Amino acid sequence: MDHADLWAAALGVPGVVDVSVLDDVDSTNLEVRRRLEVGAPPAGLVVIAGRQTAGRGRRGRTWEDVEGGNLALSMATPVPAVATLVPLAAALALSATFDGLGLSTSCKWPNDVRLVVAGRPHKCAGVLCDLVADDAGAPTAVVIGIGIDVDWRGRDRAGAAVSWTSLAEVMGRDVDPVEVVVPLLTHLGQRLDQLDRRCPDVLDDYRTVCDTIGQRVRVEGEQVERVGRAVDLTADGHLVLDVDGHEQHVVVAGDVVHLHDG
Ligand code: BTN
């Protein structure tokens, strides 16, 4: 990764004020959190790393890394009115970025961004948002962590729980991080701005790209495992599940498995 080019390009994105590009770090989310703890203002604070030694995925999982294959980016933002919409805003920004590279995408609620190849979706990126609070427990910032599989060509992922791909595999060429980071930060800034203005576009647009809605799904990771049809999102971005045609259940967090994917 060419640090100077990437740093300059990211810093040129409107709203981005403080960028660090690191070879490796434990986790970009943790690094942003540490910087906030010592007083960095959240708005426009970005940390990018080519490698994480302790990358974190959702629900306590590890975010896997391979040498030269990943892009990890975290950005802090002040807490918007509806903080639960931030992961959806980030997924939309990722989806628009990949669309701009000529790729076909779909979003699996709440935070997987997938590339659709020959009609089948394969995960290529994920989002992990952490809420930061002050000593009194009041939320002060959201750290938006985005992990993108850029180039996993030649690596075997047999046995993974979900189907994966990477940008280079689908595009059939090397991918420069600048091609991804600049549109991503640009779209993310626009989406966060919409959340600040309480503009309904984030929710409306997410509904159109989210292929979970309309699917029969199994929700894992809640106290009770549920199967039903995903029918809508609440105003907070939570998933509404129709269970057996008579009971509606709102899923706040959890792993969603599409029972008839692609
Ligand atoms: C998922 O489980 O799908 C979400 C993965 C999010 C990974 C990113 S990589 C950048 C940021 N730093 C982390 O430690 N995790 C997130």
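As the structure is a prediction and not an experimental result, all values here were calculated from the model.

Here the largest pocket is characterised by a volume of approximately 990 Å³. Lining the largest pocket we find 46 residues, and of these R61, D112, K123, V162 and W164 sit closest to its centre. Within the residue set of the lining of the largest pocket, elements represented by two or more residues are α2 (28–37), β3 (70–77), β5 (112–117), β6 (120–133), β7 (139–149) and β12 (255–258). Among the elements that line the lining of the largest pocket, the one with the most residues is β6, at seven residues. Residue composition of the lining of the largest pocket, grouped by class: 15 nonpolar, 17 polar and 14 charged. The calculated volume of the second largest pocket comes to roughly 420 Å³. Along the walls of the second largest pocket sit 21 residues, with R58, T84, P87, C129 and V252 positioned nearest its centre. Of all the secondary structure elements, the ones that give two or more residues to the lining of the second largest pocket are α3 (86–100) and β6. Tallied by class, residues from the lining of the second largest pocket come to 13 nonpolar, four polar and four charged.

Taken together, 21 residues sit near the ligand, with S27, Q52, R56, R58 and K123 positioned nearest. Within the side chain of T28, an N or O atom sits 3.2 Å from a nitrogen atom of the ligand. A distance of 2.7 Å separates an oxygen atom of the ligand from a polar atom in the backbone of R58. Relative to its unbound accessible surface of 410 Å², the ligand loses 98% to contact with the protein.

When α2 is considered as a whole, its buried residues turn out to be T28, N29, E31, V32 and L36. All buried residues of α2 lie within an arc of 165° about the axis, which places them on one face of the element. In the core, the buried residues of α2 are packed alongside β1 (18–25), β2 (45–52), β3, β6 and β7. With a side-chain oxygen lying 3.2 Å from the backbone nitrogen of N29, the N-terminal cap of α2 falls on S27. Where α2 terminates, the next one or two residues include G39, which has phi positive at roughly 105°.

Parameters at a glance
- Residues numbered from 1 in each chain as written.
- Predicted model: local features only at pLDDT ≥ 70, side-chain atom pairs only at ≥ 80, totals over all residues.
- Heavy atoms only, no water.
- 1 Å grid on protein atoms, 1.4 Å probe; cavity = no way out; pocket = protein on both sides within 12 Å on 5 of 7 lines; lining within 4 Å.
- Points joined across faces, edges and corners; volume = space filled by probe spheres on them.
- Helix = DSSP H or I, 4+ residues; strand = E, 2+ residues; numbered from the N terminus.
- Nonpolar A, V, L, I, M, F, W, Y, C, P; charged D, E, K, R; others polar.
- Near = heavy atom within 4 Å.
- Polar contact = N/O pair within 3.5 Å; in protein donor to acceptor, adjacent residues only side chain to side chain.
- Areas by Shrake-Rupley, 256 points an atom, 1.4 Å probe, with all protein chains shown as cover.
- Buried < 20%, exposed > 50% of the residue type's maximum accessible area, 1.4 Å probe, protein only.
- Arc of directions from axis to C-beta.
- Contact = heavy atoms within 4.5 Å.

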